[in-house]
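In case you want the letters, here they are:
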Amino acid sequence: MAEATYTLTVDLNRDGDFSDADEDLSARLIEAHWFNGFQSPYDAMCRDSFADFVLDNYDGKYSPEKAGAIVGLDKGKVVTFDMTFGSTVRMFTGWVDKVSPVPDRWGPRTAKLYCDSWVTKAGRTKRWLVPVQRNKRVDEIIPELIDRTGCYPPGLSGAIWLLDIDGYSELDVTTYLSDATSYLTAETGGVTVALVGTKWNEQTSLFNAMAEVVKREGLGRLWLGRDGLLNFWNRDHMMLTTTIDQTYDDSYPPAGLAYDYAALLFNRVSVKYSNQQIGSAPEVLGIYSNEIVLAAGETKSVSYGFADSASGARVGGQDVLAPVITTDFSAWTASGGGGSSVTSGLATGIRREGGGNAEVEFINSNAFTVYIQTGSQVRGTKVVAGSDATRTAEDVSSIAAQGFLEFTFPNTVEGDDYAQSLADFWLGLGKDPRGYARSLTIEARASSAYMTDALNLTVGAMVSLTEVQTGLSAGLYFIISEEHWVTTRPYRHKVTYKLEPASSQQVWLFDVTGFAELDTTAILAPW
């Protein structure tokens with residue numbers, strides 16, 4: 001039987017070294033459970049990485065409100081989990097979510113440490129603005145969004161510099177400036193996004209904005225690695241991967257295999273593509289429905305949401321102009337338009353601009369209170385998002401034989417030609433029944449070879465599967481997620497890998513064995 005060792009650490013004081021007193025929790029570890037990767041095949045965005053660890057809490061050390069408990073085991077502290085078997089590999093990186101000590105001093109006297117990661121945080125990150133993104137690749141837009149929000153993944157080496165925040169503002173002492181390569185490994189995007197972000201406003205989460213961007217790549221992927229850093233694969237990545245990382249067959253079987261036949265069968269495919277129109281001249285983008293009161297010498301920021309002035313429907317906007325007095329607003333010395341008109345001593349500026357709203361700064365340099373009347377407005381270039389258009393493909397013969405089975409591609413992609421190519425491509429994959437291995441499970445302790453697999457096989461690895469009872473023969477699959485369970489009493493390490501067919505994505509590659517037999521083992525790529 002093979003046995004590995006495991007190291008669990010928490011950066012209690014946020015100094016990045018994980019070597020201070022009480023930061024190594026390994027000696028108290030009883031159970032570990034963690035996940036990295038995607039929820040389902042063909043997802044563009046990963047599910048959040050998570051982990052939970054059961055700790056021996058016989059003395060209340062991990063009961064934060066108990067006297068003598070360790071200090072600093074708080075929400076948001078970075079957690080790392082390493083596995084050693086011959087070599088040491090980082091298996092999980094995230095943040096403390098919560099600590100749950102089990103009550104009853106006569107009970108098991110354990111505590112469970114729950115951890116989440118970047119996807120959860122990105123889903124909570126709102127109230128940020130970024131201008132409409134035009135004529136950029138996906139790999140160029142991703143860091144723009146992250147840097148604007150300051151929502152960085154947990155694996156970022158060292159802390160980043162954040163103005164006036166304790167522990168993050170001592171530049172070159174406790175924190176340092178960072179660029180995108182320190183938190184993102186990105187392949188060059190395969191498409192140029194003409195326009196995105198017109199629907200984003202202060203209530204749009206970073207995760208939802210990021211998903212819209214990544215989905216424009218069509219077959220692109222964004223995922224969080226074991227190291228807590230982000231990875232972007234362009235639309236070519238999976239199709240051009242030909243190296244098999246492990247082979248499972250009757251001589252080296254998995255402990256479990258979930259398999260279906262005809263589970264991924266469809267004979268009509270619909271693919272949506274973005275359909276937006278851009279105005280040619282500045283027009284009204286947003287109107288503020290309340291009076292704005294500015295005390296003497298006061299500066300105030302006001303958010304204007306963009307909407308069509310006639311219908312009230314939400315619109316996008318760009319190149320927003322600072323409001324001009326008398327043209328975009330009127331100001332008076334008394335509420336409701338009373339007193340005298342004010343035409344001087346007021347300045348305006350665009351503080352922040354987003355695709356769906358803009359934040360305007362009003363500055364009153366007068367020695368008296370000014371009242372800006374209801375109906376002030378901002379102007380700019382309007383972007384109207386029409387309903388997403390659709391391209392379709394269907395196979396009449398398959399419909400006659402199997403019945404009508406429709407598949408709607410979940411991503412809104414860039415351009416009608418690409419949408420049609422993807423529809424044709426997916427139809428070629430799905431119109432005929434085929435087997436599908438959904439997942440495989442290994443018991444890592446069974447041998448050194450399986451333990452090495454647990455150590456090394458992760459998201460993106462390709463495996464070959466042969467299984468006599470099902471007739472599965474040398475089927476190629478990508479690992480799209482890994483979920484591990486480790487217990488120490490007794491010792492066990494089980495891993496389940498979710499799978500996505502790789503053979504179904506094989507495209508024609510010149511002079512590469514197994515990928516060069518057009519319409520036999522490979523099909524034309526969708527571009």
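Cut-offs applied
Residues numbered from 1 in each chain as written. Predicted model: local features only at pLDDT ≥ 70, side-chain atom pairs only at ≥ 80, totals over all residues. Heavy atoms only, no water. Pairing = 2+ DSSP bridges. Helix = DSSP H or I, 4+ residues; strand = E, 2+ residues; numbered from the N terminus. Axes fitted to C-alpha atoms, helices over the stretch in contact; angles between N-to-C directions. Phe/Tyr/Trp six-rings, centres within 6.5 Å; stacked < 30°, edge-to-face > 60°. Lys NZ or Arg CZ within 6 Å of the ring centre and 35° of its normal. Buried < 20%, exposed > 50% of the residue type's maximum accessible area, 1.4 Å probe, protein only. Core = buried A, V, L, I, M, F, W, Y, C linked by side-chain atoms within 4.5 Å. Salt bridge = Lys/Arg side-chain N within 4 Å of Asp/Glu carboxyl O.

Some details on the sheet that holds strand β19 (residues 292-294)
- The 4 strands are arranged β19-β26-β22-β23 in an open sheet whose pairing can be described as antiparallel. Strand pairing shows two members of the sheet lacking a second neighbour, β19 and β23 (338-342), which therefore form its edges. Averaged over all pairs of adjacent strands, the angle between strand axes in this sheet comes to 35°, irrespective of strand direction.
- In this structure, strand β22 (residues 331-334) lies alongside β23, joined through 3 bridges in antiparallel fashion. Bridge pairing in β23 places A334 opposite G338.

Some details on the packing of aromatic side chains
- In the structure shown here, the tally under the stated rule is 17 aromatic pairs.
- The rings of Y42, F266, F407, F409, F425 and W426 are connected pair by pair, giving a single aromatic cluster.
- Lying over the aromatic face of Y114, K98 brings its terminal NZ or CZ to 4.9 Å of the ring centre.

Section: the pairing of strand β3 (residues 50-56)
- The buried count for β3 comes to 7 of 7 residues, which makes it a mostly enclosed element.
- Neither face of β3 is exposed, since F50, D52, V54 and D56 on one face and A51, F53 and L55 on the opposite face are all buried.
- Summarising the sheet, strand β2 (residues 29-37) and β3 pair through 6 bridges and their orientation is antiparallel. Its bridge partner lying in β3, W34 is registered against A51.
- Note that β3 and strand β6 (residues 110-116) share 6 bridges and pair antiparallel. By the bridge assignment, F53 is partnered in β6 with L113.

Description of the nonpolar core
- The biggest cluster of nonpolar side chains holds 51 residues, and the ones touching the most others in it are F53, F81 and L113.
- In this structure, F38, L184, V214 and A502 belong to the second largest nonpolar core, which totals 45 residues.

Quick look at the pattern of salt bridges
- One pass over the structure, following the stated rule, counts 29 salt bridges.
- Here E414 ties to R216 by a salt bridge, and the two come within 2.7 Å at their closest N and O atoms. Taken together, the positions of E414 in the loop between β29 (406-408) and α5 (416-430) and R216 in the loop between α3 (206-215) and β12 (221-224) put the pair 198 residues apart, joining distant regions of the chain. R216 matches E414 in its accessibility class, with the two residues each being buried.
- Notably, a salt bridge pairs K382 with E283, separated by 3.4 Å at the nearest N-O pair. Taken as a pair, K382 in strand β27 (residues 376-385) and E283 in strand β18 (residues 283-288) lie far apart in primary sequence, 99 residues in all.
- Looking at E283, the relative accessible area reads 31%, which means it is partly exposed.
- One salt-bridge network, held together by shared partners, links R127, E202, R351, R352 and E359.

Digging into unusual backbone geometry
- With omega at 0°, the peptide bond leading from R489 into P490 counts as cis.
- Secondary-structure assignment places P490 in the loop between β32 (472-488) and β33 (491-501).
- Positive phi outside glycine occurs at Y42, with the angle close to 70°.
- Following the sequence through the fold, Y42 ends up in the loop between β2 and β3.
- Positive phi values are uncommon outside glycine, yet A262 reaches one of about 70°.
- Here A262 is to be found in the loop between β15 (256-261) and β16 (268-273).

What to know about the sheet that holds strand β24 (residues 346-353)
- The 3 strands lie next to each other as β20-β25-β24, forming an open sheet whose pairing is antiparallel. Two strands lie at the open edges of the sheet, namely β20 (299-305) and β24, each paired on one side alone. In this sheet, adjacent strand axes meet at a mean angle of 25° when their direction is disregarded.
- Of the pairings in the sheet, the one linking β24 to strand β25 (residues 357-364) comprises 7 bridges and is antiparallel in character. Paired with T348 across the two strands is F362, which belongs to β25.

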